[in-house]
Amino acid sequence: MPAVSKGDGMRGLAVFISDIRNCKSKEAEIKRINKELANIRSKFKGDKALDGYSKKKYVCKLLFIFLLGHDIDFGHMEAVNLLSSNKYTEKQIGYLFISVLVNSNSELIRLINNAIKNDLSSRNPTFMCLALHCIANVGSREMAEAFAGEIPRILVAGDTMDSVKQSAALCLLRLYKASPDLVLMGEWTSRVVHLLNDQHMGVVTAAISLITCLSSKNPDEFKTCVSLAVSRLSRIVSSASTDLQDYTYYFVPAPWLSCKLLRLLQCYPPPEDGAVKGRLVECLETILNKAQEPPKSKKVQHSNAKNAILFEAISLIIHYDSEPNLLVRACNQLGQFLQHRETNLRYLALESMCTLASSEFSHEAVKTHIETVINALKTERDVSVRQRAADLLYAMCDRSNAKQIVAEMLSYLETADYSIREEMVLKVAILAEKYAVDYSWYVDTILNLIRIAGDYVSEEVWYRVIQIVINRDDVQGYAAKTVFEALQAPACHENMVKVGGYILGEFGNLIAGDPRSSPLVQFNLLHSKFHLCSVPTRALLLSAYIKFINLFPETKATIQEVLRSDSQIRNSDVELQQRAVEYLKLSSIASTDVLATVLEEMPPFPERESSILAKLKKKKGPGAVSVELEDGKERGELNGGGDRGGDAAIAASNASTPSPSADLLGLRSTAPVSGTTPSAGSLLVDVFSEAGPSATSAGVNDDGFLSSAPPTVASEDPAPPLPESDELLNKFVCKNNGVLFENQLLQIGIKSEYRQNLGRMYLFYGNKTSVQFVSFNTTVSCPGELQSQLNVQTKTVEPLVEGGAQVQQVINIECLTDFIDAPLLNIKFRYGGALQNISLKLPVTINKFFQPTEMAAADFFQRWKQLSQPQQEAQKIFKASHGMDTEVLKAKLLGLGTALLENVDPNPENYVCAGVIQTKAQQVGCLLRLEPNAQAQMYRLTLRSSKDTVSQRVCDLLAEQF
Amino acid sequence: MSVEKGHLDSFKHKCCEDLYQKLYILVFPCTLTVFVIYVPQNEDTEQQIIRETFHLVSKRDENVCNFLEGGMLIGGSENRLIYRHYATLYFVFCVDSSESELGILDLIQVFVETLDKCFENVCELDLIFHVDKVHNILAEMVMGGMVLETNMNEIIIQVDAQNKMEKSEAGIAGAPARAVSAVKNMNLPEMPRNINIGDISIKVPNLPSFK
């Protein structure tokens, strides 16, 4: 018997659907629908009360019309009425309509919630399931508020039917995801974990999704699930294909559940209990063994299910990363799949192997498959698979195979799909840089990259090659020679012209000895490309020309001629015109010495995280390049070891957290200076004041050719506080815990607590690299008069911080009297020999010593009046810089440390607070009033306290928070 | 999207708005989309997702892999489309990285086998005329974007129970039902082929992946 009897149900609906299907045009369809809508509306409005069946039929029609893409603005009430029907079909249509059409219309929600409540307590499992489905599908906050307490009870109650338990588990999961704050952990949590042992596999399936989600958020509370999951898994894995009856899918016992169990285990580290661990390893081995057994069925479903489990098991093995034996077996298994005839398996194998490549145990084993992977890149018909192959090549690359892999990727680029070219370019550029032992190879690779895929070479890539050439003098001659040759091609990409212009402008002299690349030949070659280029490239070329005048005085006349031509000096583009005029003047007025100083060779660039890497990360999300960051030490090759790039530069760049967009010259942020061309008289002054060696930001040159600011040398003195340290301080005014600071090397977390006039702060210094920090030293100081206002004591920390480790420091703080400034925290350490010197403001602010004071309205106003002297009040009116959400405002005011007084201000929109600041010398009472104006997005903040400095300081601090 | 008469392509069902779980299900024949979406989207985006997904999926050859990286519309590279192609129908699930890809393929198979059992050799028209039933069946498997039950027999038992209740409530309404099937068959220019499910029914020659 078919389970669904076709044709049952509503005749009117079927006729209507047929009508719609027979409509010949969109207009006819709309006409038919409007007719139907009018009909339904009149029925609903009519005097005659509709019976349940008609109501159901019309609601169902409305639903159908909505699904066709038309708006429905009535019928909600009728649908809600259906919910309270006793008939299953009516109730069910009602719920369907509600799930699909109801948004948070508050009045209806109350009625709906009421109906759901009735159904939940009806003890009729079908009705309960309908209600739970509705909650799970709508999942709104109102529903969470109404039912978050009830559902856990249903879930763990002994007498609940299995099907209801299943729905309840998922319903709870849904509410937890939507409003985690409303689902409170309680004694039900431990009972939920025990659902893993439930007799009914469907209940286990549903419960495991819930447990996986809950335990990824609160791993400690659900720890016990590990051993239960392992024993359940082992029971499934060791069972024969007939044991589990219905849950056996094409001869594989409970594949879905096995996958879910293996996923759950991936939320935890390997089990500590030896017995549990042994059992799990046994399971994993069994799964790996089964893969080698002959299939029990030729059907694709059988192998699919079997392999689904296998891939999850491999993910778990990779996640644990601690069993070399299993890792190698996993790798071999994936190796087999790489050549499997099922495309799906090849795809998944390539993907899993990517993660396997980053494990030290299996990296070598992965590398043995290089030929297969390269072959996949070349021959796979499916772009998704080719993409995975490219990812894997990238992940398995190391010094030993870099040349081969880069060459293969480059040759693939010529035919690569457009959609993945840019990413491929970035990857080639990164690999070439990371594993370059020989820099001529690096330069060749990048120039090839520009030749093959010039359009996809982003700024970051060509900036980077120039940075490296400038920082490494052993490669400069070679680079000049190679670009010179590359530029001789009849058609070359504009990016090539940029690189060529820059490099010849700096290092053209290194190849000028050869008559085939004499200065004039170089210049003519560059200039032959000039007219084909865009404005920014032309600007760069003009700068290259002025550099030529310095490098090769013999070209001066020719170049001046070019600069003087109308097409330059009267160019309609302001930037080009300005450059032409200024360079021309500079070359004719300045003496050789001055020219030599102004146009000196570029100093080495401060080292920073490769901007290309940052770009790839942005493109792919953090996961994709994790391989990269792990072996930061390898990058030393290029980034740390440069003999000219030296330690000082590294320190300097790290002390001022580099912006990730780090462009080549650090100057692109400067706006083009003065839109008009400067008058001839002041020209020289302008040029010198902007381009002299002392100017750090040469305004004239967008590409910064002329700036030759020496890198700042790091000293042992504490660095001045970072420019953003005030902002960091502000972040902590209303909270006590969080991450204070983070750069590529170091993360500083804070936890603090205050009582009376005393405070204790825990600082956590995390080494984010894999290399140890040496001479790690931190000091806290109170500058100026703060010394007499705060008493700060610290213990010194260990001078060694291992890679990946965290050290803790405790700071005791005593507030003697009210204060304004914040104590300074200075951190110094050596990373790879380079001194790091960072200063921050410790987030200790006067409001931390607030003691909340509750008081009644009358009290408040009396005190408010008492503090009426003008200097006792501080007031600010400011624009809202964040949303004006009530809850957020309240949380911030409470975070400030004061008591938030309800029902005091006659205007309910306003907030008033009271507190006493505890210092050793005195107590300062403080009253606060915040008046938001939602319309104007403004606030007025008024502070009154018995001490003027306190009012002012608290007012200033708080004004930054909203 | 090649649509026979330019309508019914927006035959969709917006089931709930789940910020986290990214799973949606599309069933495409040329003229029909049963579309369940568990992520908050506005109307236009949904239409765009349908179009883009159909475009992505329909132009793929047989024998390529059944997974593809989603476009920006479905949340970027974190999410994947996993699809299966049965004769004139595509079943597409979109899932985030927390699901096993092969597991989802199995789930699609279970769904289709269940439909086939429930409708007795399911065909496109069954899905069109009984969209509410399709959703009921799906609701027994997937709830709010989360997998509820994977055992086909269990699902069928639930669906059966519902039908019984429906029957007992319908009473004498059986007669018009037969008329409806007649109307349904009469109105249609052609009766599409049945969906072929790997191991259950008739072989359709162009389905190499389900040997």
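For clarity, every value in this text was computed on a predicted model and none was experimentally measured.

1. Some points on the overall build of chain A
- Broken down by element type, chain A carries 42 helices and 16 strands.
- Counting every position in chain A, which comprises 962 residues, the buried fraction comes to 56%.
- Summarising the internal contacts of chain A: among those between residues at least 6 apart in sequence, 70% fall at separations of at least 24.
- Carbon together with sulfur atoms contributes 51% to the accessible area of chain A, which is approximately 40400 Å² in total.

2. Re the sheet that holds strand S5 (residues 758–767) of chain A
All names here are of chain A.
- The strand order across the open sheet formed by five strands is S3-S4-S5-S8-S7, and the pairing between neighbours is antiparallel. With partners counted over all chains shown, the strands left at the sheet margins are strand S3 (738–742) and strand S7 (790–794), one partner each. Neighbour-to-neighbour, the strand axes of the sheet open up by a mean angle of 25°, direction not taken into account.
- Of the pairings in the sheet, the one linking S7 to strand S8 (residues 806–815) comprises five bridges and is antiparallel in character. Looking across to S8, one finds that valine 792 is bridged to isoleucine 813.

3. Thoughts on the side chain of Glu101(B)
- Structurally, the position occupied by Glu101(B) is in helix H2 (residues 101–119).
- Residue Glu101(B) is classed as buried on the basis of its relative accessible area, which comes to 14%.
- In contact with Glu101(B), not counting residues within four places along its chain, are Leu348(A), Glu351(A), Phe67(B), Arg80(B) and Ile82(B).

4. Examining the confidence of the model for chain A
All names here are of chain A.
- Within chain A, residue pLDDT values average 80, and 87% of them lie at 70 or more.
- Every residue in residues 622–704 is under pLDDT 50, and counting partners more than four places away or in other chains gives 168 contacts.
- Predicted confidence is poor over residues 706–714, with pLDDT under 50, and the contacts of this stretch with residues over four places away or in other chains come to 22 contacts.

5. Concerning the nonpolar core
- Ile116(A), Leu196(A) and Leu449(A) are the most contacted members of the largest nonpolar core, which totals 274 residues.
- Excluding anything up to four places from it in sequence, Leu449(A) contacts Leu410(A), Leu413(A), Val425(A), Val428(A), Ala429(A), Gly454(A), Val457(A) and Val461(A).

6. Side note on the packing of aromatic side chains
All names here are of chain A.
- This model, assessed by the stated rule, comprises 21 aromatic pairs over all chains.
- Consider the rings of tryptophan 462 and tyrosine 463, whose centres lie 4.8 Å apart with planes at 70°: the pair is edge-to-face. Tyrosine 463 carries the same exposure label as tryptophan 462, and that label is buried.
- On the numbers, 5.3 Å between centres and 80° between planes, the contact of tyrosine 754 with phenylalanine 849 is edge-to-face. Within this pair, whereas tyrosine 754 is found in strand S4 (residues 746–755), its partner phenylalanine 849 is found in the loop between strand S10 (834–841) and strand S11 (850–852), the two being separated by 95 residues in sequence.
- Taking the relative accessible area as the measure of exposure, phenylalanine 849 reaches 0% and is therefore buried.
- Among the aromatic residues, those joined into a ring-pair cluster are Tyr765, Phe773, Phe776, Phe829 and Tyr831.
- Across from the ring centre of phenylalanine 127, 4.4 Å away, lies the NZ or CZ of lysine 91, which sits over that ring.
- The ring of phenylalanine 732 carries lysine 735 above its face, with NZ or CZ at 5.2 Å from the centroid.

7. Overview of the environment of Gly833(A)
Residues and elements named next belong to chain A.
- Inspection of the secondary structure assignment puts glycine 833 in the loop between strand S9 (824–831) and S10.
- The partly exposed category is assigned to glycine 833, whose relative accessible area is 37%.
- For the pair glycine 833 and phenylalanine 773, spaced 60 residues apart in sequence, the C-alpha to C-alpha distance is 9.1 Å.

8. Remarks on the sheet that holds S9(A)
All names here are of chain A.
- Within the open sheet, the three strands sit side by side as S6-S9-S10. Their pairing is antiparallel. If you trace the sheet from one side to the other, it starts and ends with strand S6 (773–781) and S10, each paired once. Taking the axes of each pair of neighbouring strands and ignoring which way they run, one obtains an average angle of 10° across the sheet.
- Examined bridge by bridge, S6 and S9 share seven bridges and lie antiparallel to one another.

9. Focus: the side chain of Asn151(B)
- Tracing the sequence through the fold places Asn151(B) in the loop between strand S8 (146–147) and helix H5 (152–170).
- According to the relative accessible area criterion, Asn151(B) is buried, its value standing at 2%.
- When sequence neighbours within four positions are dropped, the list of residues in contact with Asn151(B) reads Asp246(A) and Tyr247(A).

10. Side note on the packing of helix H22 (residues 402–413) of chain A against helix H24 (residues 439–453) of chain A
Residue and element names in this part refer to chain A.
- The N-to-C vectors of H22 and H24 enclose an angle of 15°; their axes lie 10 Å apart at closest approach. Judged by the angle between their axes, H22 and H24 are roughly parallel. Judged by the twist between their axes, the crossing of H22 over H24 is left-handed. In this structure, H22 contributes Ala402, Lys403, Val406, Leu410 and Leu413 to the contact, and H24 contributes Trp441, Thr445, Asn448, Leu449, Ile452 and Ala453.

Parameters and conventions
- Residues numbered from 1 in each chain as written.
- Chains lettered and ligands numbered in written order.
- Predicted model: local features only at pLDDT ≥ 70, side-chain atom pairs only at ≥ 80, totals over all residues.
- Heavy atoms only, no water.
- Helix = DSSP H or I, 4+ residues; strand = E, 2+ residues; numbered from the N terminus.
- Buried < 20%, exposed > 50% of the residue type's maximum accessible area, 1.4 Å probe, protein only.
- Contact = heavy atoms within 4.5 Å.
- Areas by Shrake-Rupley, 256 points an atom, 1.4 Å probe, with all protein chains shown as cover.
- Pairing = 2+ DSSP bridges.
- Axes fitted to C-alpha atoms, helices over the stretch in contact; angles between N-to-C directions.
- pLDDT = per-residue confidence, 0-100.
- Core = buried A, V, L, I, M, F, W, Y, C linked by side-chain atoms within 4.5 Å.
- Phe/Tyr/Trp six-rings, centres within 6.5 Å; stacked < 30°, edge-to-face > 60°.
- Lys NZ or Arg CZ within 6 Å of the ring centre and 35° of its normal.
- Parallel < 35°, antiparallel > 145°, perpendicular 65-115°, else oblique.
- Left-handed = near helix turned anticlockwise from the far one by under 90°.

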